[in-house]
Amino acid sequence: MAEATRTWGRIALLSFGGPAGQIAVMHRILVEEKRWLGDGRFLHALNFCMLLPGPEAQQLATYIGWLMHGTRGGLIAGALFMLPGAVAIMALSWLYVLYGDVGVVQGLFFGLKAAILAIVLQAVVRVGRRALKNDAMRLLAVLSFVAIFAFDAPFPLIVLTAGLIGFLGARSGLRAFAPGGGHGPAGGVHIDDAETLLGEEMAEMPAAARRNALRAGAAALILWLAPVAILVLALEKGNVFTDIALFFSKMAVVTFGGAYAVLAYVAQEAVGTYGWLGPGEMLDGLGMAETTPGPLIMVLQFVGFLGAFREAGWESPLLAGTMGGLLTTWVTFAPCFAFIFLGAPYMEGLRANRALSAALTAVTASVVGVILNLAIWFGVHVIWRDVQPVERGPVSLELPVLGSIDWTAAALSALALVAVFRLKLGMTTVLAGAAALGVALHAVGMLV
């Protein structure tokens, strides 16, 4: 257990770069270096986590921790995986509200926004190459983009509709909906399960392990839902803490498709409906999450922080923001533990269910359109200073005011795109370079 705790702490501190990079780090350390489990078992665990809503890398850590040391191991692995990011985002949130109007800080975030735009577009390309394998998947992506971009369709509705289409397509025997996809682990050497500490997978989970996992899952459900119920009953309707608890709890059960898809939903609601933060601030939060270890979904803590900081009306806004951020993190990650512990005893059955896997395949395809919408939304708010709403019947758009273009932001965004797609530079290099350019532009007085 002591060695496992040190190993999970090490993985957490190295977990930059989104789920693909985080899963690659886990594979390198757990499979290739430690040989705790083999490639087959690692991939089976990853497929299971792909079927669940929430951050798959954090859930994969929780599941492997459970395989190693039961409930206690799962809690340690899952909590350590998110802890560095939670601490870093909270510290940066404090600095943001205290010193965000300082010129150097503004320049830094100005540069990060341009880099984030390029990184999100890169995510569209990467997920698209993996998910859009036939015309049916491409059509799902196009329809999802049109639904959210032109008709402001809610993200949960898009996910549920795509999942239903995939499920029914598989049940009908359509080849286009054959399951596939996922973040494959890195590594050129194949490690057999039989050569590892955990050995071959068990055909059936021991009864005691199954009972313990289900008890832990039930406890996680209670720890998730009880605080939400208390807030709803104790506080008046419209209170920001109630809204945070309900909104992010709802999001926790529909967040298939990775962090970027989730952010499209958050941008739609937290910015447009609740008004907790502005589009530029949403980009700033993503910049924080991209440059700190842990799941990208940790950006939600920043959203909850700003919402409570501004809306709670407490004498100490910083305390309110801290409570709002912690509440957001709680209702975002408590469900992850519940899903893992409740599903772990039945992992093989879930993994082998072709209809469920096909539903995930369809959801992943639809997410390509959702992330493209997010990239366009980011681009409009980075490159243009003003936008105007356009409504024509059921069509609802946000279009840029062309005369308000920020040429400095446009040029920096173009450089970031060249760095990502042409020069193939890594994410850390692009983020650091863009931030440095933003600070330099402030120093020479080129930022308005």
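Quick notes on the rules
Residues numbered from 1 in each chain as written. Predicted model: local features only at pLDDT ≥ 70, side-chain atom pairs only at ≥ 80, totals over all residues. Heavy atoms only, no water. Helix = DSSP H or I, 4+ residues; strand = E, 2+ residues; numbered from the N terminus. Expected span 1.5 Å × (residues − 1). Buried < 20%, exposed > 50% of the residue type's maximum accessible area, 1.4 Å probe, protein only. Arc of directions from axis to C-beta. Axes fitted to C-alpha atoms, helices over the stretch in contact; angles between N-to-C directions. Parallel < 35°, antiparallel > 145°, perpendicular 65-115°, else oblique. Left-handed = near helix turned anticlockwise from the far one by under 90°. Nonpolar A, V, L, I, M, F, W, Y, C, P; charged D, E, K, R; others polar. Pairing = 2+ DSSP bridges. Patch = residues over 30% accessible without salt bridge, like charges linked within 9 Å, V, L, I, M, F, W, Y side chains within 5 Å. Areas by Shrake-Rupley, 256 points an atom, 1.4 Å probe, with all protein chains shown as cover. Salt bridge = Lys/Arg side-chain N within 4 Å of Asp/Glu carboxyl O. Polar contact = N/O pair within 3.5 Å; in protein donor to acceptor, adjacent residues only side chain to side chain. Contact = heavy atoms within 4.5 Å.

A.B. asks: Just to check I follow, could you spell out helix α17 (residues 427-443) for this structure?
C.D. replies: Helical geometry: 3.6 residues make up each α-helical turn, so side chains three or four residues apart lie on a common side. With 17 residues, α17 should cover 24 Å at 1.5 Å per step; its first-to-last C-alpha distance of 24 Å lies within 8% of that length. Those residues of α17 that sit buried are Met427, Val430, Leu431, Ala434, Ala435, Gly438 and Leu441. Angularly, the buried residues of α17 cover 125 degrees about the axis, an arc narrow enough to put them on a single face. Those residues of α17 that are exposed and aimed more than 90 degrees away from the buried face are Thr428 and Ala443.

A.B. asks: When you look at the packing of helix α4 (residues 56-99) against helix α13 (residues 317-343) in this model, what are you seeing that I'm missing?
C.D. replies: When two helices pack together, their arrangement is given by the angle between their axes and by how far apart the axes lie. The geometry of α4 relative to α13 is characterised by a closest axis approach of 11 Å and an angle of 160 degrees between their N-to-C directions. Taken together, α4 and α13 sit at an angle that is classed as roughly antiparallel. Between α4 and α13 lies a crossing whose hand is right-handed. Tallied by class, the residues present in the contact of α4 with α13 amount to 17 nonpolar, nine polar and no charged.

A.B. asks: Looking at this structure, how should I read the pairing of strand β2 (residues 395-400)?
C.D. replies: Remember that side chains alternate between the two faces of the sheet whenever the strand is regular. Two strands pair when backbone bridges link them, and strand β1 (residues 387-392) and β2 are joined in this way by six bridges, in the antiparallel orientation. Bridge pairing in β2 links Arg392 to Val395. Linking two consecutive strands that pair antiparallel, namely β1 and β2, is a turn of two residues; a positive phi of about 65 degrees is found at Gly393 within it.

A.B. asks: What's the story with a nonpolar patch on the surface in this structure? I'm lost.
C.D. replies: A surface patch of nonpolar side chains, about 530 Å² in accessible area, is lined by Trp94, Leu95, Leu98, Tyr99, Val102 and Val104. It is α4 that contributes the most residues to the nonpolar patch, four residues altogether. Looking at the secondary structure, you find Val104 in helix α5 (residues 103-131). Look at Val104 and you get partly exposed, because its relative accessible area is 45%.

A.B. asks: Please clarify how the side chain of Ser404 should be interpreted in this entry.
C.D. replies: Tracing the sequence through the fold places Ser404 in the loop between β2 and α16 (407-422). Of note is the side chain of Ser404, whose polar atom sits 3.1 Å from the backbone nitrogen of Asp386. Those residues within four positions of Ser404 in sequence are excluded, and the remaining contacts are Ile383, Trp384, Arg385 and Asp386.

A.B. asks: What am I meant to see in the pattern of salt bridges here?
C.D. replies: Side chains that differ in sign of charge can pair as their charged atoms come close. Within the structure shown, the criterion is met by seven salt bridges. For the salt bridge of Glu3 with Lys34, the shortest nitrogen-to-oxygen distance reads 3.1 Å. With Glu3 in helix α1 (residues 2-13) and Lys34 in the loop between α2 (18-33) and α3 (39-50), this pair connects stretches of sequence that are 31 residues apart. For Glu3, a relative accessible area of 39% gives the class partly exposed. Notably, a salt bridge pairs Arg35 with Glu195, separated by 4.0 Å at the nearest N-O pair. A residue pair is termed long-range when its members are at least 10 positions apart, and Arg35 in the loop between α2 and α3 and Glu195 in the loop between α7 (155-171) and α8 (207-234) qualify at 160 residues.

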